[in-house]
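Observations on chain architecture
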Amino acid sequence: MTLILFFAVKEDLLHVLELVESKGPLKYATTGNFLRREIEEGIRVFDTGAEIPNLGKASADSSGACEAFLVCEPATPINLRSAGRNGERVCVDQLANPDSVTFTPGGIWKEDVVLYGSIGTASKSQISQALMKRFRAAVKTFTKVNDYYVGPKALALLEGGKRFTAAVQSPRESDLIPPGNTN
């Protein structure tokens, strides 16, 4: 699996998504495990990253539980995968959509914490790998701090003392510290 980890707030994310979308249009579909009746009218799909509601605000208190999206080319169909007994549940995930990448924005949680986001793929398809290349080039405009890329607006928050972590429950010893800080 290929994975890019980053810390970013809305302005940082909009910049990255604009760079990625400048290479060609994309669409963003909400991922998850849904009751079939919950999505009878269809899954949420956005034509640009800027349309994603609350972009840059974490939707949960841990990165792994935050809202995520499948990102693919506009003509690529979003396939649903049946799950559960009698197919009463459906999944929107990369398993049924190999020509995609996953995008988890992460972001600010309750003003004091910034949770990391990620872009990744488990697919070896040429299209998925090309999408990863586009995202990697855009994210590399961020500052590298340890294993994470940190957007400029997020970096100012890190240097200002905000907590950067994977989850609110994580021990503070595992938080990202500002570059040059030896504490």
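Up top is the structure these notes are about.
The notes below deal with the structure included here.

Here is what the cut-offs are and how they apply
Residues numbered from 1 in each chain as written. Predicted model: local features only at pLDDT ≥ 70, side-chain atom pairs only at ≥ 80, totals over all residues. Heavy atoms only, no water. Phe/Tyr/Trp six-rings, centres within 6.5 Å; stacked < 30°, edge-to-face > 60°. Helix = DSSP H or I, 4+ residues; strand = E, 2+ residues; numbered from the N terminus. Buried < 20%, exposed > 50% of the residue type's maximum accessible area, 1.4 Å probe, protein only. Axes fitted to C-alpha atoms, helices over the stretch in contact; angles between N-to-C directions. Parallel < 35°, antiparallel > 145°, perpendicular 65-115°, else oblique. Left-handed = near helix turned anticlockwise from the far one by under 90°. Contact = heavy atoms within 4.5 Å. Nonpolar A, V, L, I, M, F, W, Y, C, P; charged D, E, K, R; others polar.

Turning next to the packing of aromatic side chains. As enumerated under the stated definition, the model contains 8 aromatic pairs in all. Between phenylalanine 7 and tyrosine 148 the ring centres are 4.9 Å apart and the planes differ by 50°, which places this aromatic pair in the tilted class. With phenylalanine 7 in strand β1 (residues 2–7) and tyrosine 148 in strand β13 (residues 148–150), the pair connects residues that are 141 residues apart, well separated along the chain. Of the two residues, phenylalanine 7 and tyrosine 148, both sit in the buried class. Measuring from ring centre to ring centre gives 6.2 Å for phenylalanine 46 and phenylalanine 69, while their planes differ by 70°; the resulting arrangement is edge-to-face. With phenylalanine 46 in strand β4 (residues 45–46) and phenylalanine 69 in strand β5 (residues 69–72), this pair connects stretches of sequence that are 23 residues apart. Given the relative accessible area of 1%, phenylalanine 69 is considered buried. Feature note: the residues Phe6, Tyr28, Phe103 and Phe135 constitute an aromatic cluster, connected by ring pairs.

The next point concerns the packing of helix α1 (residues 10–21) against helix α2 (residues 126–139). The interhelical angle for the contact between α1 and α2, taken along N-to-C directions, is 135°, at an axis separation of 9 Å. Accordingly, the angle class assigned to the pair α1 and α2 is oblique. Here the hand of the crossing between α1 and α2 comes out right-handed. Every residue of α2 that contacts α1 at Val16, Leu17, Leu19, Val20 and Glu21 is listed here: Arg134, Phe135, Ala138 and Val139. For the contact of α1 with α2, the per-class residue count stands at 7 nonpolar, no polar and 2 charged.

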